[in-house]
Amino acid sequence: MKKLLTISGITVGTLALTAALVFGLLEFANKPVNTKTAEAEEVNQVEAEEVDDIDVPEVILKETANEDLEELFPDSMTESTMQTTIHHMAHGLIYAEQKWGKIEITEDRLERLLQVAEQQESSYKEGSLYVSILTYWNDGDFSNAVADHNSIWKLQNGTIGKATRLLTADEINEYNEKHFE
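The structure displayed is predicted, hence computed values, not measured ones.

**Some thoughts on the overall build of the protein chain**
Thinking step 1. In terms of helices and strands, the protein chain carries eight helices and two strands.
Thinking step 2. Of the regular secondary structure in the protein chain, the N- to C-terminal order runs α-α-α-α-β-α-α-α-β-α.
Thinking step 3. Looking at the protein chain residue by residue over its 181 residues, the buried ones come to 31%.
Thinking step 4. In the protein chain, of all internal contacts separated by at least 6 residues, the share reaching a separation of at least 24 is 72%.
Thinking step 5. Accessible surface computed for the protein chain: about 11,900 Å², of which carbon and sulfur atoms make up 52%.

Right under this line is the structure:
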């Protein structure tokens, strides 16, 4: 009889442990990972419509010194290179948790990129997007840089480094001093 009670106790205990484990796994599977980070990103998310409510810093562009822009941005520039160039330029304008790559924005570079984008617009899958972004930037309007960055980031299948806001004027100056001076 003791043996039967021992076996029954072990069986009931094993079943209880298994049930608790299954319940725990199911509960864990229904909870999002990094809930705090996801909520914070959602709260801080800046959509294109909301940019009007934000102070857009004045961006002072340097002139390019002794660069062969046609060599740097050739007429035959691939769409992938155009995306990467706009993406890396946007890093100097936006805040994201992580950023990889940087290209300094200058008047001459923007003008040249716009020329190439206009010339290649019909051959690029997203040509009108590049022309639109570069036209605004060429006119000194960086108010949509968050949406611009995220549009390119999505085209590149970005998963980390989504832009959440524009940098302040001080942050832009600090970024440029750190990376380009």
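**Regarding the pattern of salt bridges**
Thinking step 1. This model, assessed by the stated rule, comprises three salt bridges.
Thinking step 2. A salt bridge links Arg 109 to Glu 67; the nearest nitrogen and oxygen atoms lie 2.3 Å apart. Placement of Arg 109 in helix α5 (residues 107–120) and of Glu 67 in the loop between α2 (35–44) and α3 (69–72) is noted, with a sequence separation of 42 residues between them.
Thinking step 3. Classification of Arg 109 by relative accessible area gives buried; the value is 12%.
Thinking step 4. Residue Glu 67 is classed as partly exposed on the basis of its relative accessible area of 30%.
Thinking step 5. Measuring nitrogen to oxygen at the nearest pair gives 2.7 Å for the salt bridge that ties Asp 75 to Arg 112. A residue pair is termed long-range when its members are at least 10 positions apart, and Asp 75 in the loop between α3 and α4 (79–90) and Arg 112 in helix α5 qualify at 37 residues.
Thinking step 6. Look at Asp 75 and you get partly exposed, because its relative accessible area is 35%.

**Describing the nonpolar core**
Thinking step 1. If you look at the biggest cluster of nonpolar residues, it comprises 30 residues, and the most contacted ones within it are Met 82, Ile 86, Leu 93, Ile 94, Leu 134 and Trp 137.
Thinking step 2. Of all elements in the fold, only α4, β1 (94–96), α5, α6 (127–138), α7 (145–155) and β2 (163–166) reach the threshold of two or more residues within this core.
Thinking step 3. Not counting residues within four places of it along the chain, the set of residues in contact with Ile 94 comprises Lys 99, Ala 145, Val 146, His 149, Ala 163, Arg 165, Leu 166 and Leu 167.

**So, the packing of α4 against α5**
Thinking step 1. In contact at an axis separation of 12 Å, α4 and α5 are set at 150 degrees when each is read in the N-to-C sense. Judged by the inter-axis angle, α4 sits roughly antiparallel to α5. Note on packing geometry: the crossing formed by α4 with α5 is left-handed. Two secondary-structure elements touch here, α4 through Met 82, Thr 85 and Met 89 and α5 through Arg 109, Leu 110, Leu 113, Val 116 and Ala 117.
Thinking step 2. Within the contact of α4 with α5, the residues separate by chemical class into six nonpolar, one polar and one charged.

**Considering the side chain of Arg 112**
Thinking step 1. Accessibility expressed as a relative area gives 8% for Arg 112, which makes it buried.
Thinking step 2. Those residues within four positions of Arg 112 in sequence are excluded, and the remaining contacts are Leu 69, Glu 70, Phe 73, Pro 74 and Asp 75.

**Quick look at the confidence of the model for the protein chain**
Thinking step 1. Counting all residues, the mean pLDDT for the protein chain is 78, and 64% of those residues have values of 70 or more.
Thinking step 2. Of the regions scoring below 50 in pLDDT, residues 19–53 engages in 18 contacts with residues more than four places distant in sequence or in other chains.

**A short note on unusual backbone geometry**
Thinking step 1. Even without a glycine there, the phi angle at Asn 157 is positive, about 60 degrees.
Thinking step 2. Secondary-structure assignment places Asn 157 in the loop between α7 and β2.

**Observations concerning the packing of aromatic side chains**
Thinking step 1. Under the definition given, this model contains three aromatic pairs.
Thinking step 2. A ring pair is formed by Tyr 124 and Tyr 130, whose centres lie 5.7 Å apart and whose planes are at 75 degrees; its orientation type is edge-to-face. Comparing Tyr 124 with Tyr 130 shows no difference in burial state: the two are buried.
Thinking step 3. A ring pair is formed by Trp 137 and Phe 142, whose centres lie 6.0 Å apart and whose planes are at 40 degrees; its orientation type is tilted.
Thinking step 4. With relative accessibility at 0%, the residue Trp 137 sits in the buried group.

About the cut-offs
Residues numbered from 1 in each chain as written. Predicted model: local features only at pLDDT ≥ 70, side-chain atom pairs only at ≥ 80, totals over all residues. Heavy atoms only, no water. Helix = DSSP H or I, 4+ residues; strand = E, 2+ residues; numbered from the N terminus. Buried < 20%, exposed > 50% of the residue type's maximum accessible area, 1.4 Å probe, protein only. Contact = heavy atoms within 4.5 Å. Areas by Shrake-Rupley, 256 points an atom, 1.4 Å probe, with all protein chains shown as cover. Salt bridge = Lys/Arg side-chain N within 4 Å of Asp/Glu carboxyl O. Core = buried A, V, L, I, M, F, W, Y, C linked by side-chain atoms within 4.5 Å. Axes fitted to C-alpha atoms, helices over the stretch in contact; angles between N-to-C directions. Parallel < 35°, antiparallel > 145°, perpendicular 65-115°, else oblique. Left-handed = near helix turned anticlockwise from the far one by under 90°. Nonpolar A, V, L, I, M, F, W, Y, C, P; charged D, E, K, R; others polar. pLDDT = per-residue confidence, 0-100. Phe/Tyr/Trp six-rings, centres within 6.5 Å; stacked < 30°, edge-to-face > 60°.

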